[in-house]
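Chain residues, written in single-letter form:
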Amino acid sequence: MDGADRCAEVSGYVSSVFGIARLLEEAGNRVNGLHGAVFLLDGPAGDGGRVLASRDLAVPSANQEGVPFGELRKDGEAVLERDLVIGGRRWTLALAIPPEPRLAPVDYPAWIVLVMGLLLTGALAGYTRREAQAKRFLVTEARARAAMARALRESEERFRMALRHSRVAVFSLDRNLRYMWMYNPQTGRAAETFIGRTNADIHAPDDAARLDAVKRAVLDTGTGSRQEVRVGAAPGVEQVFDLIVEPLRDEAGGVSGVICAAIDISDGVRIREALAEAHAEAERANRAKSRFLAAASHDLRQPFQAMSLFHHILTARLSDAKQMEVAGKLGEAIAAGNTLLNTLLDTSALEAGNVKPRPTVFPFQDIADRLNREFAEQASGKGMVLRMVPTSAYVLSDPVLLERMVRNLLVNALRYAEAGTILLGCRRRDGHALIEVWDTGPGIPADQLKLIFDDFYRCGTDQRDSGRGLGLGLSIVRRTAQILGHQVDVRSRVGKGTVFSISVVMVGDRHNPLPEEPTTSVASA
C-alpha cells in the first residue's frame, strides 16, 4: 500500500500454499490395489477442461498439467466427475477408470479419504478468504476513520481561523447556565477559566442578571433570540455585544442548553452614539438659528423699510440726471436686498415650524386677480405677456400661504423666461383643483427636475449671479406645500417651456363646472 492508504502499523502477514498434486499423490499412495487415474480440472471434463494436477493410481506418470482432459481419455474408460468449490473457484475432480480391472468396493475408503481431504482443503481456503475479507474491511474502516479525523481537524482549523481575526466569541451553556465550552480568541483570559462557572461567578451582578435573562428566555421557549447587551469589562469601561442565543437540543428534541455567539460591536456603537450626538447638536443649532431669525424678522426688516423711505425722500429732492441714475441703482439694490431678506426669513420661519396653516374655503379667483394686477406690469416691463384664465373653483387651503406659493412660481417664471407668455390658470381633476403656472422659457433638463426644489439651487445660471435670486423660491414652495398637504409637480421641455402645478382640494365652484382641459397651452401661448 502506498500514499494516503498506508496503514498506521503492519505487524505481519498470513499466507497458505496448498500443493494439489502432492495431495493427490499422497492420497493414492495410501490406497493399495486401486486402478485408474485422478485428474483435477479447471472446468467440466466434457467441455474441454484442462488438467491442473493428475495422479495415476497404478504406476507413476509424467506431468500432464495444462493438457486438455479429452486428449488423455482412453477408449472404454469410465469417467466419474464431481464439482468442487474451493476458495471461491469451481473445479472438477475426474476419476478415469479403465475397463479392467473394475473398481472394487475395497477401493471406496481410499476415495472417501481423497474426497474428504479435498473438502478440508476447500474449507481451509474459504476460512483464509474470509479472514482476508475481514482484514480488508478493517483496513477500509481505518482509512475512513483517518479521513474523518483529518476532515474534522481541517474543519476545526478553518473555524478557528475564521474566529481568530474577528471579534466573535462562541460558547455553550447547560440548563443551569454553566459554561460547558468556549472559544474566544479576542480575550486574554483562558477559556478554561469559564468552564463550569456561571455568569454570576464572572460578571457583576447587574450584568449577570441581564445576560441570564436573555438565555433563560431561550431555555423556556425554545426559540432563538438576538439582542444588544452591555457588559462592564472594567471599571469605567463598557463593552457592547450583539448576543445571538439559540437552543441546544438533545437526542429526544428537548432543550438541554443554549449555544451563543457574542459579537463585540463596542466601536460601532460608540461611533453611532457620537454621530447621533453630533446630529442632535446640529439640529439644536439649526433650530436655534431658525428661532433667532424668526424672532428677529421684525428688527431685520425695519432697516430696509427705513432705507426705502429715505431713498424715496432723497429721490424727490434730486434734479441732476447723474444723481438720479445713482439713486435709481441704489433703489434697485435696496429692493433686491429686501427681497432676499424676506426670502431668508420666510425659509427660516418654515424650518422653525412657526408657520401654522389656517385652512378655509375660498374662491381661487380672488388670489388670481390680485396676482394678475401685481405681475401684469412687471411682465409688460420685460416685454412679456401675463395671461390669466378665469376660474370659478372654490378650494380648501390657507389663502395666505397658497398665494405665497403661486407668487413664488410667477416670480420664478418672470425671472427665467426672457420673452413670451406666462399663463396662470386652474383646472379640475379627480376632485382637486390643479393650479398651474405655464411659461415659454428655456425649459429644464430632465436630470435637473428633482433638484430645482433644493435650497440654493439655480438651474442653468451662474451661481454668482445674484440677479437671479438665491435659489430659495422653489424651496419655499416645496416646504409650504408640505405644511399644507398639497402636491407640487413640474413638467418641462427644453426650448419649449415649463409648467408648475399645485394640487388643492376642490369643494365646489361658483357658477359652472370647470373644463377638463386648460383653454390655453404653452404652445399657443
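Residues numbered from 1 in each chain as written. Predicted model: local features only at pLDDT ≥ 70, side-chain atom pairs only at ≥ 80, totals over all residues. Heavy atoms only, no water.

**Brief notes about the overall build of the protein**
Step number 1: If you tally the helices and strands in the protein, you get 11 helices and 16 strands.
Step number 2: Sorting the 525 residues of the protein into buried and exposed places 35% on the buried side.
Step number 3: Of the accessible surface of the protein, which amounts to about 31,500 Å², a share of 55% is contributed by carbon and sulfur atoms. (Helix = DSSP H or I, 4+ residues; strand = E, 2+ residues; numbered from the N terminus. Buried < 20%, exposed > 50% of the residue type's maximum accessible area, 1.4 Å probe, protein only. Areas by Shrake-Rupley, 256 points an atom, 1.4 Å probe, with all protein chains shown as cover.)

**Thoughts on the nonpolar core**
Step number 1: By size, the foremost hydrophobic cluster in this structure holds 39 residues, and its most contacted members are Phe364, Leu402, Val406, Leu410, Ile435 and Ile502.
Step number 2: In terms of residue count, the dominant contributor to this core is helix α10 (residues 399–416) (eight residues).
Step number 3: In contact with leucine 410, not counting residues within four places along its chain, are Leu371, Phe375, Leu386, Ile422, Leu424 and Val437.
Step number 4: Counting residues in each nonpolar core, the second largest holds 21 residues, with Met182, Val218, Leu219 and Cys260 among its members. (Core = buried A, V, L, I, M, F, W, Y, C linked by side-chain atoms within 4.5 Å. Contact = heavy atoms within 4.5 Å.)

**Looking at a nonpolar patch on the surface**
Step number 1: A cluster of nonpolar side chains, namely Tyr108, Ile112, Met116 and Leu119, defines an oily patch on the protein surface of about 400 Å² accessible area.
Step number 2: Its location among the elements puts isoleucine 112 in helix α3 (residues 108–164).
Step number 3: Judged by its relative accessible area of 53%, isoleucine 112 is exposed. (Patch = residues over 30% accessible without salt bridge, like charges linked within 9 Å, V, L, I, M, F, W, Y side chains within 5 Å. Salt bridge = Lys/Arg side-chain N within 4 Å of Asp/Glu carboxyl O.)

**Here's the deal with unusual backbone geometry**
Step number 1: Unlike most non-glycine residues, leucine 177 shows phi in positive territory, near 60°.
Step number 2: Within the secondary structure, leucine 177 is located in the loop between β5 (168–174) and β6 (179–183).

**Overview of the confidence of the model for the protein**
Step number 1: The pLDDT averaged across the protein works out to 78; a share of 75% of its residues lies at or above 70.
Step number 2: Confidence drops under a pLDDT of 50 for residues 461–468, and excluding neighbours within four residues, the segment shows 12 contacts in the predicted structure.
Step number 3: This model gives residues 512–525 a pLDDT under 50, and the stretch forms 29 contacts once residues within four places in sequence are excluded. (pLDDT = per-residue confidence, 0-100.)

**Remarks on the side chain of aspartate 264**
Step number 1: With respect to the helices and strands, the residue aspartate 264 is situated in strand β9 (residues 255–264).
Step number 2: There is a polar contact of 3.3 Å between the side chain of aspartate 264 and the side chain of glutamine 239.
Step number 3: Polar side-chain contacts of aspartate 264 include one of 2.6 Å to the side chain of serine 266.
Step number 4: Beyond its immediate sequence surroundings of up to four residues, aspartate 264 is in contact with Arg167, Gln239, Val240 and Phe241. (Polar contact = N/O pair within 3.5 Å; in protein donor to acceptor, adjacent residues only side chain to side chain.)

**Focus on the pattern of salt bridges**
Close approach of charged atoms allows side chains with opposite charge to pair.
Step number 1: All told, the structure shown has 13 salt bridges when counted by the stated rule.
Step number 2: Residues glutamate 141 and arginine 145 are paired through a salt bridge, measuring 2.8 Å at the closest nitrogen-oxygen approach. Note that glutamate 141 and arginine 145 are positioned in helix α3 at a spacing of four residues, about one turn of the helix.
Step number 3: Glutamate 141 sits in the partly exposed class, given a relative accessible area of 28%.
Step number 4: What you see here is one network of salt bridges that share partners, running through Arg370, Glu374, Glu403 and Arg407.

**Some words on the packing of α10 against helix α11 (residues 473–484)**
Step number 1: Closest axis-to-axis distance for the α10/α11 pair is 9 Å, and the angle between their directions is 155°. Classified by the angle their axes make, α10 and α11 are roughly antiparallel. Here α10 runs over α11; the crossing is left-handed. On α11, the residues touching Leu401, Leu402, Met405, Asn408, Leu409 and Asn412 of α10 are Gly473, Leu474, Ile476, Val477, Thr480, Ala481 and Leu484. (Axes fitted to C-alpha atoms, helices over the stretch in contact; angles between N-to-C directions. Parallel < 35°, antiparallel > 145°, perpendicular 65-115°, else oblique. Left-handed = near helix turned anticlockwise from the far one by under 90°.)

**Focus on helix α5 (residues 205–221)**
Step number 1: A rise of 1.5 Å per residue sets the reference length of α5, with its 17 residues, at 24 Å; its end C-alpha atoms lie 24 Å apart and thus fit the reference within 8%.
Step number 2: Every buried residue of α5 is listed here: Asp207, Ala208, Leu211, Val214, Lys215, Val218 and Leu219.
Step number 3: Phi for glycine 222, located one or two positions after α5, is positive at around 75°. (Expected span 1.5 Å × (residues − 1).)

**Looking at the side chain of threonine 498**
Step number 1: Its location among the elements puts threonine 498 in strand β16 (residues 497–509).
Step number 2: A distance of 2.9 Å separates a polar atom in the side chain of threonine 498 from a polar atom in the side chain of serine 492.
Step number 3: Ignoring any residue separated from it by four or fewer positions in sequence, one finds threonine 498 in contact with Val437, Trp438, Asp439, Gly443, Ile444, Val490, Arg491 and Ser492.

**Some details on the packing of helix α9 (residues 364–381) against α10**
Two numbers describe a pair of packed helices, the interaxial angle and the distance between the axes.
Step number 1: Close contact between α9 and α10 brings their axes to 10 Å; oriented N to C, the two are set at 30°. Considering the angle they form, α9 stands roughly parallel to α10. For the pair α9 and α10, the sense of crossing is right-handed. The residues of α10 that touch α9, namely those facing Phe364, Ile367, Arg370, Leu371, Glu374, Phe375, Gln378 and Ala379, are Pro399, Leu402, Glu403, Val406, Arg407, Leu410, Val411 and Leu414.
Step number 2: Residue composition of the contact of α9 with α10, grouped by class: 11 nonpolar, one polar and four charged. (Nonpolar A, V, L, I, M, F, W, Y, C, P; charged D, E, K, R; others polar.)

**Points about the environment of valine 85**
Step number 1: Examined against the element boundaries, valine 85 turns out to sit in strand β3 (residues 78–86).
Step number 2: Taking the relative accessible area as the measure of exposure, valine 85 reaches 53% and is therefore exposed.
Step number 3: Note: C-alpha distance between valine 85 and leucine 118 (33 residues apart in sequence) is 9.9 Å.

**Observations regarding α9**
Owing to its 3.6 residues per turn, the α-helix aligns residues three or four sequence positions apart on the same side.
Step number 1: Here α9 contains 18 residues, and its C-alpha end-to-end distance of 26 Å stays within 8% of the 26 Å for a straight helix at 1.5 Å per residue.
Step number 2: The largest bend along α9 measures about 35° and falls at phenylalanine 375.
Step number 3: Taken together, the buried positions of α9 are Phe364, Gln365, Ile367, Ala368, Leu371, Phe375 and Ala379.
Step number 4: Close packing links the buried residues of α9 with β10 (360–363), β11 (384–388), β12 (393–397), α10, β13 (420–429) and β14 (432–439).
Step number 5: Positive phi appears at glycine 383, one or two residues downstream of α9, with a value of about 75°. (Bend = angle between axes of the 7 residues up to and from the residue.)

**Digging into the environment of arginine 226**
Step number 1: Mapped onto the elements of the fold, arginine 226 is located in strand β7 (residues 225–234).
Step number 2: Linking arginine 226 and isoleucine 244, residues 18 residues apart in sequence, is a C-alpha distance of 4.5 Å.
Step number 3: Once you skip the residues sitting within four places of it in the chain, arginine 226 turns out to touch Asp242, Leu243 and Ile244.
Step number 4: Separated by 2.5 Å, the side chains of arginine 226 and aspartate 242 make a polar contact.

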